[in-house]
Amino acid sequence: MTLSLFDQFSSPSFLGIPMILMALALPWLLIPTPTSRWLSNRVVSLQGWFIARFTNQLFLPLNVGGHKWAPLLASLMMFLLTLNMLGLMPYIFTPTTQLSLNLGLAVPLWLATVLIGMRNQPTHALGHFLPEGTPTALIPILIIIETISLFIRPLALGVRLTANLTAGHLLIHLISSAVFVLMPMMPAVAILTAVLLLLLTMLEVAVAMIQAYVFILLLSLYLQENV
Amino acid sequence: MGLRLLIFACCYLKLMTFSFYIPANALKSKGPIGAGLVQASHSLHTSSKSLAPVPALPEKGGQVRHGIIPEELFQLLYPKTGVTGPYMLGTGLLCYLLSKEIYIINHETLSAASIGAVVIYAIKKFGPSVAAFADKLNEEKVLNAQAVKDVALVGLSQAIEEEKKEQWRAEGRSMLFDAKRNNVAMLLETNFRERIHMVTNEVKKRLDYQIAVQNLNRQMEQEHMVNWVEKSVVGSITPLQEKESIAKCISDLKALARAKASLAV
């Protein structure tokens, strides 16, 4: 029982072939390719509107040099969104529950922003370690704190996504198991727990979308500081 | 993969007996390698048909029943099993899976039920409005293009009107030229008459001068002659003649007086 709760998060493999590659690549099929038409069907129109609006709003505070990151961040957003939302289905493995994947996305992108900042405008990038208007006595401590906070960013990015999704899936698993076990014994309690499960599912849908957005938003903020 | 080999084989063997028209859109959706298939169909132009204009999109999407099962399944099974065929198939399949424990009901079923409920509720509640929004996006694109077209039409019809007006104006240019010609002729005439007038005046002045000179000459001659005559007459009057004339005059006067006195009486 205690083992099977976390079995859902083990990276799937079939006959020794890691299936996580398929889990990462196949959601791409669900995203329709825009055709060379001027007026397309509803799905393509909505997708185009959504991506355009999202990218526009995300890159509004960035200067023009940061706009090079638009395809990367927009496609990463669609990727994380589809992975998270698809993982809510039954028997579907969510790759973003794997810390390795999330750190693999967070660390290179964060490091890229830091290196871009250090290369192009080193003084300005280093200046972030000391916010304006700090009292003189606090300067040494504050620099240490800011350095720690800088290096903890990739960890935070990766672990935030992993923890949110893992916790959500675990809760769904637990509460649905509780309903399943309680149903023959105490149906009234089971129904209440089923209502709780419904609310939790709605929360998880929201969390799936928000966590993907927060990941991208924080990356764009780090980029804004450094580009 | 088989389709790709088939295309390559047919193109390579140059089967010209029938033309191969495979729309690009159909190829692009053929699975994960659809994009590659489009490139394959671009390589050899085995038919004269071009890939544009793109064929029109169908009016409605694929018909589904109960939101997920395509209508084609029902059409497929209708001849053999009638209306209830697919439902019997579904129920039987479900019972088979459950009884043979191929599908086991566990907590995942409950979580599937809850996520299914959330998804179905969201689709039923927000589906029509999202569809209307998507239609509005396309509608706005068409309206913008139509507005451009309308503005162009209005502009062009105005240009036609103005061109017609210009043509009408151009017809009257002969009248304009006549008027101008008249003006010029009048100016020339006036100028000519002025010059004639001036010439006449000048000539008259010259002639008047000559006349005045002649008059002056005559007058001077006359005066001179009169003076000379007077002088010679006065010079010729001797004093004796003067006395005689005076006595004569007195006797005449006396006679006249006597005549007047007799008359008065």
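About the thresholds
Every chain begins its residue count from 1, and numbering advances along the sequence as written. Just so you know, chain letters begin at A and ligand numbers begin at 1, following the order they were written in. Note on the predicted model: pLDDT of at least 70 is required for a residue's local features to be given, and 80 or more for side-chain atom pairs to be given and counted; whole-chain, interface and lining totals, by contrast, use all residues. The side-chain figures draw on all heavy atoms in the structure; neither hydrogens nor water molecules are used. Secondary structure elements are taken from DSSP: a helix is a run of H or I of four residues or more, a strand is a run of E of two residues or more, and numbering for both begins at the N terminus. Exposure categories follow from relative accessible area, calculated using a 1.4 Å probe and restricted to protein chains: below 20% of the type maximum is buried, above 50% is exposed, and the middle band is partly exposed. In this description, contact between two residues means that some pair of their heavy atoms is separated by no more than 4.5 Å. Surface accessibility in these figures is a Shrake-Rupley result with a 1.4 Å probe; residues are shielded only by whichever protein chains are displayed. His is not counted, nor are the chain ends, whereas Lys and Arg count as positive and Asp and Glu as negative. Throughout, a charge is located at the NZ atom of Lys, the CZ atom of Arg, the CG atom of Asp or the CD atom of Glu. When two parts are put together, the accessible area they lose, computed with a 1.4 Å probe and summed over both, is reported as buried area. Salt bridges, as used here, are contacts in which a Lys or Arg side-chain nitrogen is within 4 Å of a carboxyl oxygen on Asp or Glu. Contacts described as polar in this section are N or O atom pairs within 3.5 Å, which, within protein, must combine one atom able to donate a hydrogen with one able to accept it, while residues neighboring in sequence count only if both atoms come from side chains. Nonpolar residues are Ala, Val, Leu, Ile, Met, Phe, Trp, Tyr, Cys and Pro. Charged residues are Asp, Glu, Lys and Arg, and all others, Gly as well, are polar. UniProt positions are given in the numbering used here, feature names are shortened, and annotations may be inferred rather than shown by experiment. Only Phe, Tyr and Trp rings are paired, with Trp represented by its six-membered ring, and only when their centres lie within 6.5 Å; those with planes under 30 degrees apart are stacked, over 60 edge-to-face, the remainder tilted. Fitted lines through C-alpha atoms serve as axes, helices being fitted only where they are in contact, and the angles separating the N-to-C directions of these axes extend from 0 to 180 degrees. Convention used here: angles under 35 degrees read as roughly parallel, angles over 145 as roughly antiparallel, angles from 65 to 115 as roughly perpendicular, and any remaining angle as oblique.

Participant: Help me understand the overall build of chain A in this model?
Facilitator: Helix and strand content of chain A: eight helices and two strands. Along chain A, helices (α) and strands (β) appear in the sequence α-β-β-α-α-α-α-α-α-α when read from the amino end. Dimensions of chain A along its principal axes, counting C-alpha atoms only, are 65 × 55 × 40 Å. Burial status across chain A gives 37% buried among its 227 residues. Long-range contacts, defined as pairs at least 24 residues apart, comprise 73% of the intrachain contacts of chain A with a sequence gap of at least 6. Total accessible area on chain A is roughly 12,800 Å²; 76% of this is exposed by carbon and sulfur atoms. Across chain A, the mean location of the 7 positive side-chain charges is 19 Å away from that of the 5 negative side-chain charges.

Participant: What's the story with the interface of chain A and chain B in this structure? I'm lost.
Facilitator: Bring the parts together and some accessible area is lost; that lost area is often taken as the interface size. Residue-level contacts link 28 residues of chain A with 29 residues of chain B. Note on chain A versus chain B: buried area summed over both sides is about 2,700 Å², and carbon and sulfur give 71% of it. Of all residues in chain A, Arg-37, Trp-38 and Tyr-91 of chain A bury the most surface against chain B, accounting for 24% of the area lost on that side. Viewed at the interface, chain B and chain A are joined by one salt bridge. A salt bridge links Arg-42 of chain A to Asp-135 of chain B; its shortest N-O distance comes to 2.9 Å. Run the count over chain A and chain B and you get eight residue pairs in polar contact (both at pLDDT 80 or more). A class-by-class count of the residues in the side of chain A that touches chain B yields 17 nonpolar, nine polar and two charged.

Participant: Help me out: how do you make sense of the UniProt feature "transmembrane region" (unreviewed entry) in chain A in this one?
Facilitator: All names here are of chain A. According to UniProt, the feature "transmembrane region" (unreviewed entry) maps to residues 12–31, 72–92, 99–118, 138–159, 171–199 and 205–223 in the numbering used here. Regarding residues 72–92, the helix share stands at 76% and the strand share at 0%, and the terminal C-alpha atoms are separated by 26 Å. Here residues 205–223 runs as 100% helix and 0% strand, with 28 Å between its end C-alpha atoms.

Participant: Can you walk me through the packing of aromatic side chains in this structure?
Facilitator: Two numbers describe a pair of aromatic rings. These are the distance of the centres and the angle of the planes. Summed over all chains, the structure comprises seven aromatic pairs over all chains. Ring geometry for Trp-49 of chain A versus Phe-133 of chain B: centroids 4.7 Å apart, planes at 75 degrees, classification edge-to-face. With one member in each of two chains, Trp-49 of chain A in helix α3 (residues 42–58) and Phe-133 of chain B in helix α6 (residues 107–171) form a pair that bridges those chains. A relative accessible area of 32% means that Trp-49 of chain A is categorised as partly exposed. Here the aromatic rings of Tyr-91 of chain A and Tyr-103 of chain B are separated by 6.1 Å at their centres, their planes lie at 75 degrees, and the arrangement is edge-to-face.

Participant: Before we go on, may I ask you to explain the side chain of Thr-193 of chain A in this structure?
Facilitator: Residue and element names in this part refer to chain A. You can see Thr-193 is positioned in helix α8 (residues 187–226). Residue classification places Thr-193 among the buried positions, given a relative accessible area of 14%. A polar contact of 2.5 Å, which involves the side chain of Thr-193, links it to the backbone oxygen of Val-189. Here Thr-193 is in contact with Ile-175, Ala-178, Val-179 and Leu-182, once residues within four sequence places are set aside.

Participant: Even after reading the chapter, I still don't get unusual backbone geometry, so can you show me in this structure?
Facilitator: Backbone geometry follows two general trends: most residues other than glycine have a negative phi, and most peptide bonds adopt the trans configuration. One non-glycine residue with positive phi stands out, namely Leu-15 of chain A, at about 50 degrees. Owing to a relative accessible area of 74%, Leu-15 of chain A belongs among the exposed residues under this scheme. Unlike most non-glycine residues, His-66 of chain B shows phi in positive territory, near 55 degrees. Tracing the chain through its elements places His-66 of chain B in the loop between β1 (64–65) and β2 (69–70). Judged by relative accessible area, which is 57%, His-66 of chain B ranks as exposed.

Participant: Got a minute to help me understand the packing of helix α4 (residues 71–81) of chain B against helix α5 (residues 85–99) of chain B in this structure?
Facilitator: The relative placement of two packed helices comes down to the angle between their axes together with the axis-to-axis distance. All names here are of chain B. Across the interface, α4 lies against α5 with an axial gap of 8 Å and an inter-helix angle of 100 degrees. Viewed along their axes, α4 and α5 adopt a mutual orientation that is roughly perpendicular. Touching Phe-74, Leu-77 and Thr-81 of α4 are Gly-85, Pro-86, Tyr-87 and Leu-89, all from α5.

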